[in-house]
Structures are given as structure tokens and as C-alpha cells.
Amino acid sequence: MKMNRYEEIWLMLSGGMLVIFMLITGYQTFALGMGPPSNKETIDPQKVDETAPFDNPGVFKTGENEYEVVMTLEVFNFNPGKIEIPTGSTVTFIMTSKDVVHGFQVVDTNLNAMVMPGHIQKATQTFDKPGEYLVLCNEYCGAGHQHMSTTITVK
Ligand code: CUA
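For clarity, every value in this text was computed on a predicted model and none was experimentally measured.

Undergrad: Honestly, the UniProt feature "transmembrane region" (unreviewed entry) in the chain in this entry has me stumped. Any pointers?
TA: Sequence positions flagged by UniProt for "transmembrane region" (unreviewed entry) are, in local numbering, residues 9-30. For the annotated span residues 9-30, helix accounts for 100% and strand for 0% of the residues, and the straight-line distance between the end C-alpha atoms is 31 Å.

Undergrad: Mind showing me how you'd approach a nonpolar patch on the surface here?
TA: Together, Tyr6, Ile9, Trp10, Met12 and Leu13 give the surface a local cluster of nonpolar side chains, amounting to about 600 Å² of exposed area. Here leucine 13 is to be found in helix H1 (residues 5-31). Residue classification places leucine 13 among the partly exposed positions, given a relative accessible area of 44%.

Undergrad: Sorry, what's going on with the pattern of salt bridges here?
TA: Two side chains that carry opposite charge are able to pair once their charged atoms sit near each other. In the structure shown here, the tally under the stated rule is 7 salt bridges. Note that aspartate 49 and lysine 98 form a salt bridge whose closest N and O atoms lie 3.0 Å from each other. Placement of aspartate 49 in the loop between H1 and strand E1 (58-63) and of lysine 98 in the loop between strand E5 (89-97) and strand E6 (102-106) is noted, with a sequence separation of 49 residues between them. Judged by its relative accessible area of 45%, aspartate 49 is partly exposed. The exposure class of lysine 98 is partly exposed, given its relative accessible area of 25%. Through salt bridges with shared partners, a single network forms among Asp49, Glu74 and Lys98.

Cut-offs applied
Residues numbered from 1 in each chain as written. Predicted model: local features only at pLDDT ≥ 70, side-chain atom pairs only at ≥ 80, totals over all residues. Heavy atoms only, no water. UniProt positions renumbered as here; feature names shortened; annotations may be inferred. Helix = DSSP H or I, 4+ residues; strand = E, 2+ residues; numbered from the N terminus. Patch = residues over 30% accessible without salt bridge, like charges linked within 9 Å, V, L, I, M, F, W, Y side chains within 5 Å. Areas by Shrake-Rupley, 256 points an atom, 1.4 Å probe, with all protein chains shown as cover. Salt bridge = Lys/Arg side-chain N within 4 Å of Asp/Glu carboxyl O. Buried < 20%, exposed > 50% of the residue type's maximum accessible area, 1.4 Å probe, protein only.

If you want it as C-alpha cells, here you go:
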């Protein structure tokens, strides 16, 4: 097959770039152990119930208008299931999964996080408007995935 010299050069250049990109990604993954883009803290997913702070999930007041929610996610629920906070509160969610990958999305806010076993996920949100905020799991996690939801009550 007769090929134009420029065509050959461009083919080699783009093929070479592909190989270089794959080498970089492979190096980052395997040699540098790069994980998912989230909070870097890790936890033994087998021992969530014994590891602080997840041995005591709940809503904790940490300051003036500031709360911390320590939450575990598992098929197919959020623990604590009932969250009530006053209007204007800034809430830091500290989450991990006890089994598979779950999602934590709070409708009408920018809160949307992936919660993975073995990783601690953190997200902060200020709730300025009172109401019932729907919390959904948006990562397919099994047969009951569509039932995995709860609410945050702001009043
Ligand atoms: Cu948990 Cu889908």
C-alpha cells in the first residue's frame, strides 16, 4: 500500500502519543497507587463498625451553626436515616461504605459524592433554606438501589 509520507508521520505521531498516555496512566495507577479523586483517608472496609468515628454514626453539633454527620452507607440505607438540623447550619458529612460503591446526592444542593468501601468521603454544605431535602443513592448498588433514599430535614 502506498502511503503519503505525511500520513505515515502523523499516524506514527498519534500512535506514539496513545502509547505514551497509556504508559503515564499505567504508571500513575500501578506504581504511584493513585486512587479515585476523593478524600485520601482510607479505612478497613471490613471493620467499619469498630473504627472511629463510624462506630457511632449520627448527627453531632460541633459549633455555632455547625454540625458533623458521621454516616455509613450500606445496601440499601443511610445510617443515620433521620437527619434534622436548624436552618443556616453548615454540615460536614463524613461517610464511608460498608459494602459496595454508593452515591450520596442531596437534591437541590451541589452535594453529590461517591462513597466507596475503604475510603472516607467528606463533603460540606450549608443549608440556608428550610425544607425536606431528598437524599439519593445515585450509584447502582444492587437489587434495592432504587429504594435507597432518605431525607434531611432543615427547620
Ligand atoms: Cu446504594 Cu444505589
